[in-house]
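Structural features, examined
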Amino acid sequence: LAIVNRIKVALRRPLMLHGRLMSVSASVGVAFAEPATDVDTVLRNADVAMYEAKEAGKARHAVFEPAMYSAIVQRLQLESDLRQATGDPLRAALQLVYQPIMHLDTGVIQGMEALLRWQHPTRGEIPPTVFVPVAEQTGAIVALGDWILETACAQLVQWRTMWWRERRDPSTLPMMGVNISGRQLAEPDFVAKLEAILARTGAPAASLTLEITESVLMSHTEDSLRSLQALKALGVQLAIDDFGTGYSSLSYLQKFPVDVLKIDRAFVEGVHHGGSDTALARTIIALGKTLGLRTVAEGVELEAQQRQLQAMGCLLGQGYLFSRALPPAALTHWMRTRRMGRLRQ
Ligand code: C2E
Ligand code: MG
Ligand code: MG
């Protein structure tokens, strides 16, 4: 490790390039050769350790361990499985499930959020928090995202048709929320593709809410501002997902044409205890009111949380208290039985 440090120090020395002072840093992978190992294996092991060091951050070093190798193999396998899945997501056992979003005051469903599930053929269910970032890094999310949007819009049209037949109430027709990754938003033809999907499925633009996380908004300001404005012109709604977890800044809330704030589950968790979660949730709800935005509380699990949120003026909520995310047929059933439950009251 003394050697690693000497390498790092030597590389850190600034150098002049075209009249500018530049400095470089290095990620170092270390592998020890045992008498029986050949050169290729040692180099491969050092490479694996170097990737591990890179993952950990800038200018780090890592010493090879066999477990690193299997982690990389697993990840490469995941990447290639995801790339293949883009061709035929259903065959690859990708599926959309839908979680209802409720009016907290009336208990009527306002819409649903589409959430991706993957029942991997050999590894079992892999959570989206694990595979979506991988799909983002490899770009597979772009093709998958098209499929997600198309599937969710088609499903929404079915539910709106059913709603209209059974309720005849145009003021409560459900909306659909779809999560969009930064990678999709950065695609130059994203808006055109979305427009085509809306046309093909017949979903009204105003019934679609695109959910974008705060960190994505913050990191791609210039380009994403242009895409967001084009999306607004199409008539779709925009939501900031996981609000409160990123670098919330008031100036960007004014700059971006958003309609909805989704209060992160982290603040909903302790909202009924009257501590800092309550104060933060209250501030976000007040902020939403001031800016004329709808607020949705994420991860509502308890009636006490619902009551507190409602008392603070939060309009909408989603969470296990109402329902988990369900496959389409199960949510249809849920909507029908829940309505009957309400009529019986
Ligand atoms: P998100 O968009 O913030 O989604 C909300 C997450 O909270 C979902 O997790 C949902 O199942 C979970 N949740 C809802 N109610 C409760 C509750 O009462 N308690 C608890 N503990 N959790 C609750 P999920 O489905 O695992 O998704 C995680 C994240 O993965 C999503 O966070 C989203 O960022 C991403 N994701 C999911 N589907 C997609 C997709 O189709 N496209 C993209 N780009 N990202 C997706
Ligand atoms: Mg979301
Ligand atoms: Mg969220």
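Overview of the structure. Every chain is numbered on its own, with residues counted from 1 as its sequence reads. Chains and ligands are labelled sequentially in the order written, the chains with letters from A and the ligands with numbers from 1. Restriction of local features to residues with pLDDT of at least 70 applies here, the model being predicted, together with a cutoff of 80 or more for giving and counting side-chain atom pairs; totals for whole chains, interfaces and linings are based on all residues. Side-chain numbers here rest on the full set of heavy atoms in the structure, without hydrogens or water.

**Description of the overall build of the protein chain**
- We count a stretch as a helix when DSSP gives it H or I for four or more residues in a row; a strand needs E for two or more, and each element gets its number in order from the N terminus. Along its length, the protein chain carries 14 helices and 13 strands.
- The principal-axis extent of the C-alpha atoms belonging to the protein chain is close to 80 × 45 × 40 Å.
- When checking whether two residues touch, look at their non-hydrogen atoms; a contact exists if any pair is within 4.5 Å. Put simply, of all contacts in the protein chain between residues at least 6 apart along the chain, 65% involve residues at least 24 apart.
- Surface accessibility of the protein chain: about 18,500 Å² in total, with carbon and sulfur atoms responsible for 55%.
- Each charge class in the protein chain can be summarised by its mean position, and for the 36 positive and 34 negative side chains these summaries are 4 Å apart. Note on areas: Shrake-Rupley with a 1.4 Å probe; residue coverage comes only from the protein chains shown. This count recognises Lys and Arg as positive and Asp and Glu as negative, with His and chain-terminal groups excluded. Every charge is mapped onto a representative atom, which is NZ of Lys, CZ of Arg, CG of Asp or CD of Glu.

**Quick look at the coordination of the magnesium ion (ligand 3)**
- Donor atoms are limited to N, O and S found within 2.8 Å of the metal ion, a distance that becomes 3.2 Å for Na, K and Ca. With water left out, some sites might look partial. Those donors, Asp241 (OD), Asp242 (OD), Glu298 (OE) and Glu298 (OE), are the protein atoms that reach the magnesium ion (ligand 3), and they lie 2.0 to 2.6 Å from it.
- All donor residues of the magnesium ion (ligand 3) come from one chain, and their arrangement in sequence is D-D-x55-E.
- Distance-wise, the magnesium ion (ligand 2) is placed 4.3 Å from the magnesium ion (ligand 3), both being coordinated by Asp241.
- Given a relative accessible area of 25%, Asp242 falls into the partly exposed group. The rule is simple: take the accessible area with a 1.4 Å probe, protein chains only, and divide by the maximum for that residue type; under 20% is buried, over 50% is exposed, in between is partly exposed.

**Description of helix H5 (residues 140–167)**
- Under the convention used throughout, the expected extent of a helix is 1.5 Å for every residue step, that is, one less than its residue count. For H5, built from 28 residues, the straight-helix expectation of 40 Å at 1.5 Å per residue is met to within 8% by its first-to-last C-alpha distance of 40 Å.
- The first or second residue beyond H5 is Arg168, which carries a positive phi of 55 degrees.

**Points about the pairing of strand S12 (residues 294–297)**
- In this structure, strand S11 (residues 260–263) lies alongside S12, joined through four bridges in parallel fashion. Pairing of Val260 across the sheet is with Arg294, part of S12.
- Here a strand pair is declared whenever DSSP counts at least two bridges between the two strands. Here S12 runs beside strand S13 (residues 316–317); their pairing, made up of two bridges, is parallel. The partner of Ala297 across the bridge, within S13, is Gly317.

**Notes on the packing of helix H2 (residues 39–56) against helix H3 (residues 66–85)**
- Angles here are taken between N-to-C directions and fall from 0 to 180 degrees, while the axes themselves are lines fitted to C-alpha atoms, restricted in helices to the stretch in contact. Taken N-terminus to C-terminus, the directions of H2 and H3 make an angle of 75 degrees; their axes are 10 Å apart at the nearest point. Judged by the inter-axis angle, H2 sits roughly perpendicular to H3. For the pair formed by H2 and H3, the contact residues are Arg44, Val48, Ala49, Tyr51, Glu52 and Glu55 on the first element and Met68, Tyr69, Ile72 and Arg75 on the second.
- Throughout, the ten residues Ala, Val, Leu, Ile, Met, Phe, Trp, Tyr, Cys and Pro are labelled nonpolar, Asp, Glu, Lys and Arg are labelled charged, and all others, Gly among them, are labelled polar. Residues that form the contact of H2 with H3 fall into these classes: six nonpolar, no polar and four charged. We call two directions roughly parallel when the angle between them is under 35 degrees, roughly antiparallel when it is over 145, roughly perpendicular when it lies between 65 and 115, and oblique otherwise.

**Some remarks on the site of ligand 1**
- Near residues are defined by distance, with any heavy atom within 4 Å of the molecule or strand qualifying the residue. The local shell around ligand 1 holds 21 residues, among which Arg117, Asn179, Asp241, Glu301 and Tyr320 are the closest.
- Each polar contact in these results corresponds to two N or O atoms within 3.5 Å; when the atoms are within protein, one needs to be able to donate a hydrogen and the other to accept it, and residues that are neighboring in sequence are counted only if both atoms are side-chain atoms. Interatomic distance of 2.8 Å between a side-chain N/O atom of Asn179 and an oxygen atom of ligand 1.
- Bound to the protein, ligand 1 loses 84% of the 810 Å² it would expose on its own.
- When residues of the shell around ligand 1 are assigned to their parent elements, the largest contribution, four residues, is made by strand S6 (residues 109–120).
- Across the shell around ligand 1, the residue classes break down as seven nonpolar, six polar and eight charged.

**Let's talk about the environment of Thr201**
- With respect to the helices and strands, Thr201 occurs in helix H7 (residues 190–201).
- By relative accessible area, which is 15% here, Thr201 ends up buried.
- In this structure the C-alpha to C-alpha distance between Thr201 and Ala154, which are 47 residues apart in sequence, comes to 5.3 Å.
- When near neighbours in sequence (up to four residues on either side) are disregarded, Thr201 contacts Glu150, Cys153, Ala154 and Val157.
- At 3.4 Å, the side chain of Thr201 forms a polar contact with the backbone nitrogen of Ala203.

**Section: the environment of Lys58**
- Within the secondary structure, Lys58 sits in the loop between H2 and strand S4 (61–63).
- The spacing of Lys58 and Met175 is 117 residues in sequence and 43 Å in space, taken between C-alpha atoms.

**Comments concerning the pattern of salt bridges**
- By salt bridge we mean one thing: a side-chain nitrogen of Lys or Arg within 4 Å of a carboxyl oxygen of Asp or Glu. Applying the stated criterion across every chain, the model contains eight salt bridges.
- Across the salt bridge formed by Lys262 and Glu113, the nearest N and O atoms sit 2.9 Å from each other. A residue pair is termed long-range when its members are at least 10 positions apart, and Lys262 in strand S11 and Glu113 in strand S6 qualify at 149 residues.
- The closest approach of N and O atoms between Asp146 and Lys193, which form a salt bridge, is 3.1 Å. Of this pair, Asp146 sits in helix H5 while Lys193 sits in helix H7, and the two are 47 residues apart along the sequence.
- Given the relative accessible area of 22%, Asp146 is considered partly exposed.
- The class of Lys193 is partly exposed, set by a relative accessible area of 21%.

**As for the packing of aromatic side chains**
- A pair of Phe, Tyr and Trp rings is counted when the ring centres sit within 6.5 Å of each other, with Trp represented by its six-membered ring. The angle between the planes then sorts it: under 30 degrees is stacked, over 60 is edge-to-face, the rest tilted. The final tally for this structure, using the stated rule, is two aromatic pairs.
- Ring centres of Trp118 and Phe131 lie 5.3 Å apart, and the angle between their planes is 75 degrees; on these two criteria the pair is classed as edge-to-face. Taken together, the residues span a long stretch of sequence, with Trp118 in strand S6 and Phe131 in helix H4 (residues 128–138) at a distance of 13 residues.
- When its relative accessible area of 1% is taken as the criterion, Trp118 is described as buried.

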